[in-house]
Amino acid sequence: MAPAPGTAGAPVRRLTVLYDAECSLCTHVRDWLLRQPRLVPLELVPAGSDEARRRFPGLDHGTSLEEVTVVGDAGQVYRGAAAWIVVLWALREHRPLAHRLGTPAGAKLARGAVLAAAKWRRAGRWGGNGYRRADGWVYEPGHGWMYTGPGCDDGTCATR
């Protein structure tokens, strides 16, 4: 992933991890990150939240709900495997692993791990049978995405 314009070579002094607060796998990883000793401070902010929108008005917040997104203090944006690698780089005990995953061969392994987590997440196999978002959308394995927002209790929903 190319760095954001004007951020190439900028030092990373702080990272903000945008995570899906409605995903049990994502909140599990958030809790794990909070327990890790860090070399670079991490802030964890729910993706798509008012706080995330206020901090990063130019970011595609819909994408940040679908794919892990990390933002550096100089405006660097990392997504997917690159996001996980930079987060591991920020952790004291995992920086050597981040350097190994930053190689071409390691990047393939990191991408595979991210894809496996995404598959588990979409299949609802982590802590539940479905995937629920705060905006009323629910993914049910075998049925797909359904809107269950206000006014849908009887199976009919008003159009927006």
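Within every chain, residues take consecutive numbers counted from 1 along the sequence as written. Only residues with pLDDT of at least 70 get local features here, since the model is predicted, and only at 80 or more are side-chain atom pairs given and counted; chain-wide, interface and lining totals rely on the full set of residues. Note: side-chain values were computed over all heavy atoms of the structure, leaving out hydrogens and water.

By the naming in an unreviewed UniProt entry, the protein goes by DUF393 domain-containing protein and is assigned to Streptomyces ambofaciens.

## Digging into the layout of surface pockets
A 1.4 Å probe that fits but cannot get out identifies a cavity on a 1 Å grid over protein atoms alone, an open set with protein on both sides within 12 Å along at least five of seven lines counts as a pocket, and a residue lines either if it has an atom within 4 Å of a point. Grid points are joined across faces, edges and corners, and a volume is the space filled by probe spheres set on the points. The calculated volume of the largest pocket comes to roughly 750 Å³. Along the wall of the largest pocket there are 33 residues; nearest its centre are Val68, Trp84, Ala113, Val114 and Ala117. Numbering goes from the N terminus for both helices and strands, where a helix is a DSSP run of H or I of at least four residues and a strand is a run of E of at least two. Taken together, the elements giving at least two residues each to the lining of the largest pocket come down to strand S1 (15-19), helix H1 (24-35), helix H3 (61-66), helix H4 (80-90), helix H5 (95-101) and helix H6 (104-123). A per-element tally of the lining of the largest pocket places H6 first, with ten residues. A class-by-class count of the residues in the lining of the largest pocket yields 23 nonpolar, three polar and seven charged. Polar here means any residue outside two lists: the nonpolar Ala, Val, Leu, Ile, Met, Phe, Trp, Tyr, Cys and Pro, and the charged Asp, Glu, Lys and Arg; Gly therefore counts as polar.

## Quick word on the confidence of the model for the protein
For the protein, the mean per-residue pLDDT works out to 80, and 69% of the residues sit at or above 70. Predicted confidence for residues 125-129 stays below pLDDT 50, and this span has nine contacts to residues more than four positions away or in other chains. A residue's pLDDT is the confidence the predictor assigns to it, expressed on a 0 to 100 scale. Here, two residues are considered to be in contact whenever any of their heavy atoms come within 4.5 Å of each other.

## Quick notes on the pattern of salt bridges
Here, a salt bridge means any side-chain nitrogen of Lys or Arg that lies within 4 Å of a carboxyl oxygen of Asp or Glu. Going through the model one piece at a time under the given rule, you end up with five salt bridges. Between Glu43 and Arg55 there is a salt bridge, and its shortest N-O distance comes to 3.0 Å. With Glu43 in strand S2 (residues 42-46) and Arg55 in helix H2 (residues 50-55), the pair connects residues that are twelve residues apart, well separated along the chain. For Glu43, a relative accessible area of 25% puts it in the partly exposed group. Under the scheme applied here, a residue whose accessible area is under 20% of the maximum for its type counts as buried, over 50% as exposed, and between as partly exposed, the area being computed with a 1.4 Å probe on protein chains only. You can call Arg55 partly exposed: its relative accessible area is 28%. In this structure, Arg54 engages Glu51 in a salt bridge whose closest nitrogen and oxygen atoms are separated by 2.8 Å.

## Re the pairing of strand S3 (residues 69-72)
Alternating positions in S3 separate into two faces, Thr69 and Val71 on one and Val70 and Gly72 on the other, with burial throughout. Being paired, for any two strands, means DSSP has found at least two bridges between them. In terms of strand pairing, S1 meets S3 through four bridges, oriented antiparallel. Paired with Leu15 across the strands is Gly72, a residue of S3. Strand direction decides the pairing type here: S3 and strand S4 (residues 77-79), joined by three bridges, are antiparallel. Residue pairing for S4: Thr69 is matched across the bridge by Arg79. Hairpin remark: S3 followed by S4, antiparallel, with four residues in the connecting loop; positive phi at Gly75, about 95°.

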